[in-house]
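Here is how the chains run, residue by residue.
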Amino acid sequence: MAIDWDTFEKDVKSDAKAAANETDNNLSSRISSVSKLNDEEIKELFPHPSDAEKLAILIKAVKTADDKNKKLNEIMSNSEDVAGILVRLIDKLT
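Conventions adopted
Residues numbered from 1 in each chain as written. Predicted model: local features only at pLDDT ≥ 70, side-chain atom pairs only at ≥ 80, totals over all residues. Heavy atoms only, no water. Helix = DSSP H or I, 4+ residues; strand = E, 2+ residues; numbered from the N terminus. Buried < 20%, exposed > 50% of the residue type's maximum accessible area, 1.4 Å probe, protein only. Polar contact = N/O pair within 3.5 Å; in protein donor to acceptor, adjacent residues only side chain to side chain. Contact = heavy atoms within 4.5 Å. Expected span 1.5 Å × (residues − 1). Axes fitted to C-alpha atoms, helices over the stretch in contact; angles between N-to-C directions. Parallel < 35°, antiparallel > 145°, perpendicular 65-115°, else oblique. Left-handed = near helix turned anticlockwise from the far one by under 90°. Nonpolar A, V, L, I, M, F, W, Y, C, P; charged D, E, K, R; others polar. 1 Å grid on protein atoms, 1.4 Å probe; cavity = no way out; pocket = protein on both sides within 12 Å on 5 of 7 lines; lining within 4 Å. Points joined across faces, edges and corners; volume = space filled by probe spheres on them. Salt bridge = Lys/Arg side-chain N within 4 Å of Asp/Glu carboxyl O.

Examining the side chain of Asp51
Inference 1: By the element assignment, Asp51 lies in helix H3 (residues 49-64).
Inference 2: Among the residues examined, Asp51 registers a relative accessible area of 9% and is labelled buried.
Inference 3: Among the polar contacts made by the side chain of Asp51, one reaches the side chain of Arg88 at a distance of 2.8 Å.
Inference 4: Ignoring sequence-local partners within four residues, the contact set of Asp51 consists of Phe46, Ile85 and Arg88.

What follows is the structure, encoded as structure tokens:
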């Protein structure tokens, strides 16, 4: 039986898109569970999974550090990664 490569390619693309959507939903749900943002706000502000991962780094730095100096040091050590996330959050708040 011959394989219909056009259908195969279409199905693979569809499956990849469905997997990406599921991953995005899981990420936003995980982040919303530890923040005041809901799933939809997270998806809107951080549409790319890599942005959600950076947001998670920032949340962890703020929530796990004992004092203000430790929080600032942690954020500064990741400043290149989280700068864009901070801009989006501040823009959302103002």
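Having seen the structure, we can now continue with the description.
What about H3?
Inference 1: When the terminal C-alpha atoms of H3 are compared, their 22 Å separation across 16 residues agrees well with the 22 Å that a helix rising 1.5 Å per residue should span.
Inference 2: Within the sequence span of H3, burial applies to Asp51, Ala52, Leu55, Leu58, Ile59 and Ala61.
Inference 3: In this fold, the buried residues of H3 make contact with helix H1 (5-32), helix H4 (68-77) and helix H5 (79-93).

Comments concerning the packing of H1 against H3
Inference 1: Where H1 meets H3, the closest approach of the two axes is 10 Å, and the angle between their N-to-C directions is 20 degrees. In terms of axis orientation, H1 runs roughly parallel to H3. As for the relative orientation of H1 and H3, their crossing is left-handed in sense. Along the contact surface, H1 presents Asp24, Leu27 and Ile31, while H3 presents Pro49, Ala52, Leu55 and Ile59.
Inference 2: Of the residues belonging to the contact of H1 with H3, the class tally is 6 nonpolar, no polar and 1 charged.

Looking at the layout of surface pockets
Inference 1: Each pocket or cavity is described by its volume, and for the largest pocket that value is around 360 Å³.
Inference 2: At the level of elements, H3 and H5 are the ones that each hand at least two residues to the lining of the largest pocket.
Inference 3: At 5 residues, H3 tops the list of elements feeding residues into the lining of the largest pocket.
Inference 4: Class assignment of the residues belonging to the lining of the largest pocket gives a composition of 9 nonpolar, 1 polar and 3 charged.

Some details on H1
Inference 1: Compared with the 40 Å implied by 1.5 Å per residue over 28 residues, the 40 Å span of H1 between its first and last C-alpha is a close match.
Inference 2: Every buried residue belonging to H1 is among Ser28, Ile31 and Ser32, and all of these are buried.
Inference 3: For H1, the elements touching its buried residues are helix H2 (39-45) and H3.
Inference 4: With a side-chain oxygen positioned 3.2 Å from the backbone nitrogen of Asp6, the residue opening H1 is Asp4.

Description of the pattern of salt bridges
Inference 1: Applying the stated rule across the entire model yields 3 salt bridges.
Inference 2: When the shortest N-O distance is used, the salt bridge between Glu9 and Lys13 registers 3.5 Å. Taken together, the positions of Glu9 and Lys13, both in helix H1 and 4 residues apart, correspond to about one turn of that helix.
Inference 3: On the basis of relative accessibility, which here comes to 43%, the residue Glu9 falls in the partly exposed class.
Inference 4: For Lys13, a relative accessible area of 54% translates into the label exposed.

All we've got here are geometric facts, nothing functional implied.
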